[in-house]
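Working through the structure, step by step
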Amino acid sequence: MPENNLSAKAYKILEELLVTLKLEPGKVYSEKELMELSGISRTPLREALLKLSNESLINIIPRRGIQISDINMTNQLAILETRRVLDRLLISRATKYATPLEKSNILEFKKYMQIAIDDKDVNEYLRVDKLLDQTIFDAARNSYAANATAPLHIRSRRFWYYFKGVDDLEFSAKNHMKLIDAIIDSNEEEALSLSDVIINNLVDVVKKYINI
């Protein structure tokens with residue numbers, strides 16, 4: 001397997017460990033510990049860690065190890081404020097520019113979302129949510145906005161997993177399914193409204209904890 005594919009696989013594995021809190025927020029890990037936890041060899045692990053560091057998802061501390069980004073409510077609010085703008089741009093473009101094939105691919109995610117609801121499988125829902133995001137980003141045809149918002153989505157999924165999880169699974173999945181319908185119908189106004197509902201669901205948690 002080419003090295004770049006190994007690095008992409010390593011990034012995906014580490015991202016899932018971050019989102020599902022297998023890598024604890026704020027904790028410092030050695031490179032050896034991360035290799036054992038992820039099953040990733042040294043070179044692709046280092047390449048994936050460099051990317052995660054560039055995205056501010058981890059902090060590489062010389063001679064100490066790798067510190068996982070913490071969950072800070074003030075930072076999370078700023079993340080959601082930024083994500084709201086980028087998501088609206090990408091979703092707006094997707095409703096306008098998605099091809100029939102892309103719409104067909106987006107529609108498929110409704111089925112997988114429902115399966116996750118039925119099985120109460122939070123981890124599977126998060127995997128499907130990530131793939132849905134990527135498909136919508138591709139349909140939007142704005143790689144700059146997509147690259148900027150992708151790390152914010154990782155932090156948001158981790159935040160949702162920590163504070164919401166299975167209790168919010170059906171509500172969150174249903175809103176994503178409605179968003180899919182709006183994109184398929186090229187209903188930009190409805191799609192943007194649902195994008196705000198999804199963000200507001202997370203903002204409400206932040207405001208509750210910092211008493212805004």
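In what follows, the accompanying structure is described. The numbers attached to residues start from 1 for each chain and follow its sequence in the written order. Two thresholds apply to this predicted model, a pLDDT of at least 70 for residue-level local features and 80 or more for giving and counting side-chain atom pairs, whereas whole-chain, interface and lining totals are computed over all residues. To obtain the side-chain values, all non-hydrogen atoms of the structure were included, while hydrogens and water were left out.

1. Some remarks on the overall build of the chain
- Helix and strand assignments come from DSSP, with helices taken as H or I runs of at least 4 residues and strands as E runs of at least 2, each series counted from the N terminus. Looking only at helices and strands, one finds nine helices and three strands in the chain.
- Walking the chain from its N terminus toward its C terminus, one meets helices and strands in the order α-β-α-α-β-β-α-α-α-α-α-α.
- Values of the radius of gyration come from C-alpha atoms, whereas the globule rule sets the reference at 2.2 Å times the count of residues to the power 0.38. In terms of overall size, the chain behaves like a compact globule, its C-alpha atoms giving a radius of gyration of 17 Å where 212 residues would be expected to give roughly 17 Å.
- Referenced to the eigenvectors of the C-alpha coordinate spread, the extents of the chain come out at roughly 55 × 50 × 35 Å.
- Note on exposure labels: buried denotes an accessible area under 20% of the residue type's maximum, exposed denotes more than 50%, and partly exposed covers the range between, all computed with a 1.4 Å probe on protein chains only. Residues counted as buried form 47% of the 212 residues belonging to the chain.

2. Let's talk about the packing of helix α5 (residues 100-119) against helix α8 (residues 169-184)
- Here an angle of 0 to 180 degrees is reported between the N-to-C directions of two axes, which are lines fitted to C-alpha atoms, with helices fitted over the stretch in contact. At a minimum axis separation of 9 Å, α5 and α8 run at an interaxial angle of 165°. One way to sum up the angle between α5 and α8 is to call them roughly antiparallel. For α5 against α8, the interelement crossing comes out left-handed. Of the residues in α8, those in contact with Lys103, Ile106, Leu107, Phe109, Lys110, Met113, Gln114, Ala116 and Ile117 of α5 are Leu169, Glu170, Ala173, Lys174, His176, Met177, Ile180, Asp181, Ile183 and Ile184.
- Three classes are used, and their members are as follows: Ala, Val, Leu, Ile, Met, Phe, Trp, Tyr, Cys and Pro are nonpolar, Asp, Glu, Lys and Arg are charged, and the others, Gly among them, are polar. Taken together, the residues of the contact of α5 with α8 sort by class into twelve nonpolar, two polar and five charged. By the definition adopted for this analysis, an angle is roughly parallel if under 35 degrees, roughly antiparallel if over 145, roughly perpendicular if from 65 to 115, and oblique otherwise. Should the near helix be turned counterclockwise from the far one by less than a right angle, the crossing is left-handed, whereas a clockwise turn marks it as right-handed. Throughout, a residue-residue contact means that at least one pair of heavy atoms, one from each residue, lies within 4.5 Å.

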